[in-house]
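Examination of the molecular architecture
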Amino acid sequence: MSHRRGALIVLEGVDRAGKTTQCKKLVQALRKSGRPVEMLRFPDRTTKIGQLISAYLEKNYNLEDHAVHLLFSANRWELEPLLRQKLEQGVSLVVDRYAFSGVAFTSAKPGFSLEWCMNPDVGLPKPDLVLYLQLSPEVAAQRGEFGAERYETSDFQRTVLQRYQHFKKDPSLNWQVIDAAKSIEDVHTEIKTHSEMAIEAVQYQPIAELWK
Ligand code: ADP
Ligand code: FDM
């Protein structure tokens, strides 16, 4: 590749770990230093598929567990051409949740293997950096009550937290564990350093495919 591409940076972690706060701060900081960057989040609730997912999460609509897992993945695939286009244009993407949420949440339900959960997302653009915001359920609880959406219960979140541990052991991922119990500014500084390094490191590398 003769021109520079952007980096795909994903923030993951349990509810209230600080993903949205940090995504916004990271985008601001990278823009300030003159880097082209955009923020995205999954699920993207604005598309037709996203609206269905949103209704499911708000408990206004019931979907079978396999079916909803495939919809979450379809929601990423429908945005895949856009993601790829932006990255190729040199725009870095900061993404609030990705396929790792898909796997961690569905595999927290009974009867779902990690392998089955990973399959639909095989081949998506592979993140160049995953920032996993690690936070204990006790500290998360101090950050406020759960909302009323599906999955927002402490038992389920505990299982999700366990499922996330699988990715730490995957040598094909640039999976960075961040102590999300630190102050917003300290977490931001750490995340910014990792992100700037990733943007520099991958600029002349092709976009890789996830879990391939
Ligand atoms: P998430 O997107 O992971 O659910 P948010 O960014 O929405 O998390 O943050 C959840 C709540 O915790 C918000 O009220 C936010 O202001 C607060 N918060 C975020 N990061 C920190 C932090 N490092 N220390 C204390 N409170 C935080
Ligand atoms: N979620 C998110 C999934 O179950 N699968 C997925 O693939 C993704 C991306 O949806 F409970 C869950 C995780 C969370 C909810 O909530 C989305 P936020 O507040 O929009 O992140």
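Here the structure is shown first, and the text comes after it.
Residues numbered from 1 in each chain as written. Chains lettered and ligands numbered in written order. Predicted model: local features only at pLDDT ≥ 70, side-chain atom pairs only at ≥ 80, totals over all residues. Heavy atoms only, no water.

1. Some thoughts on the nonpolar core
What counts is decided by this rule: Definition of nonpolar core: a set of buried residues of the types Ala, Val, Leu, Ile, Met, Phe, Trp, Tyr and Cys, connected through side-chain atoms within 4.5 Å. Per-residue accessibility, obtained with a 1.4 Å probe over protein chains only, is compared with the maximum for each type, and a residue is labelled buried under 20%, exposed over 50%, and partly exposed between these values. Helix and strand definitions follow DSSP, with helices as H or I runs of at least four residues and strands as E runs of at least two, each counted in order from the N terminus. In this analysis, two residues are considered to be in contact whenever any of their non-hydrogen atoms come within 4.5 Å of each other.
Counting 41 residues, the largest nonpolar core has Tyr 98, Phe 100 and Tyr 164 as its most contacted members. Residue assignment for this core shows that the elements contributing at least two residues are strand S1 (8-12), helix H2 (48-57), helix H3 (65-88), strand S3 (92-96), helix H4 (99-106), helix H5 (114-118), strand S4 (129-134) and helix H7 (154-168). Ranked by the residues each element gives to this core, the list is headed by H3, at 6 residues. Among residues more than four places away in sequence, those in contact with Tyr 164 are Glu 12, Gly 13, Val 14, Arg 97, Phe 100, Ser 101, Ala 104, Phe 105, Tyr 132 and Trp 175. Residues Ala 7, Leu 135, Val 187 and Val 202 belong to the second largest nonpolar core, which totals 22 residues.

2. Observations regarding the packing of aromatic side chains
Short version of the rule: Each pair of aromatic rings taken from Phe, Tyr and Trp, with Trp reduced to its six-membered ring, is defined by centres within 6.5 Å and is described as stacked if the planes are under 30 degrees apart, edge-to-face if over 60, and tilted in the remaining cases. In our convention, an over-ring charge means Lys NZ or Arg CZ found within 6 Å of a ring centre and within 35 degrees of that ring's normal.
In total, this model carries 14 aromatic pairs according to the counting rule given. Geometrically, the ring pair formed by Phe 42 and Tyr 98 is tilted, given 5.9 Å between the ring centres and 50° between the ring planes. Here the residue Phe 42 occupies a position in the loop between strand S2 (37-41) and H2, and Tyr 98 occupies one in the loop between S3 and H4, the gap between them amounting to 56 residues. Chaining the aromatic ring pairs together yields one cluster made of Phe 42, Tyr 98, Phe 100, Tyr 132, Tyr 164, Phe 167, Trp 175 and Trp 211. Note that Arg 16 overlies the ring of Phe 146, its terminal NZ or CZ placed 4.0 Å from the centroid. The lysine or arginine in question, Arg 150, covers the ring of Tyr 56, its NZ or CZ lying 3.9 Å from the ring centre.

3. Some points on the site of ligand 1
What counts, and what does not: Being near a molecule or strand, for a residue, comes down to having at least one heavy atom within 4 Å of it. For this analysis, a polar contact is any N or O atom pair within 3.5 Å, provided that within protein one partner can donate a hydrogen and the other can accept it, and provided that sequence-adjacent residues contribute only side-chain to side-chain pairs. Computed with the Shrake-Rupley method and a 1.4 Å probe, the accessible areas treat only the protein chains shown as cover for residues.
Within the structure, ligand 1 sits among 13 residues, and Arg 16, Lys 19, Thr 20, Thr 21 and Lys 182 are positioned closest to it. Between ligand 1 and Gly 18 there is a distance of 2.9 Å, counted from an oxygen atom to a backbone nitrogen or oxygen. For ligand 1, an oxygen atom lies 2.5 Å from a polar atom in the side chain of Thr 21. Coverage of ligand 1 by the protein chains reaches 66% of its 560 Å² of free accessible surface. Residue contributions to the shell around ligand 1 peak at 3 residues, all from helix H1 (residues 19-32).

4. Re the sheet that holds S1
Quick note on the threshold: Strand pairing follows a simple DSSP-based rule, namely that at least 2 bridges must link the two strands. Between the N-to-C directions of two axes lies an angle of 0 to 180 degrees, each axis being a line fitted to C-alpha atoms and, for a helix, fitted only over the stretch in contact.
Taken together, 5 strands build an open sheet; the order of strands is S2-S3-S1-S4-S5 and the sheet is parallel. Since the sheet does not close on itself, it has two edges, and those belong to S2 and strand S5 (175-179), each with one partner. Mean inter-strand twist for the sheet, computed between neighbouring axes without regard to direction, equals 20°. Relative to S4, S1 runs parallel, the two sharing 4 bridges. By the bridge assignment, Leu 11 is partnered in S4 with Leu 131. In the packing of H4 onto the sheet, contacts are made with S1, S4 and S5, and the angle to S1 comes to roughly 30°. Sheet strands in contact with H7 are S1, S4 and S5, and its direction is about 145° off that of S4.

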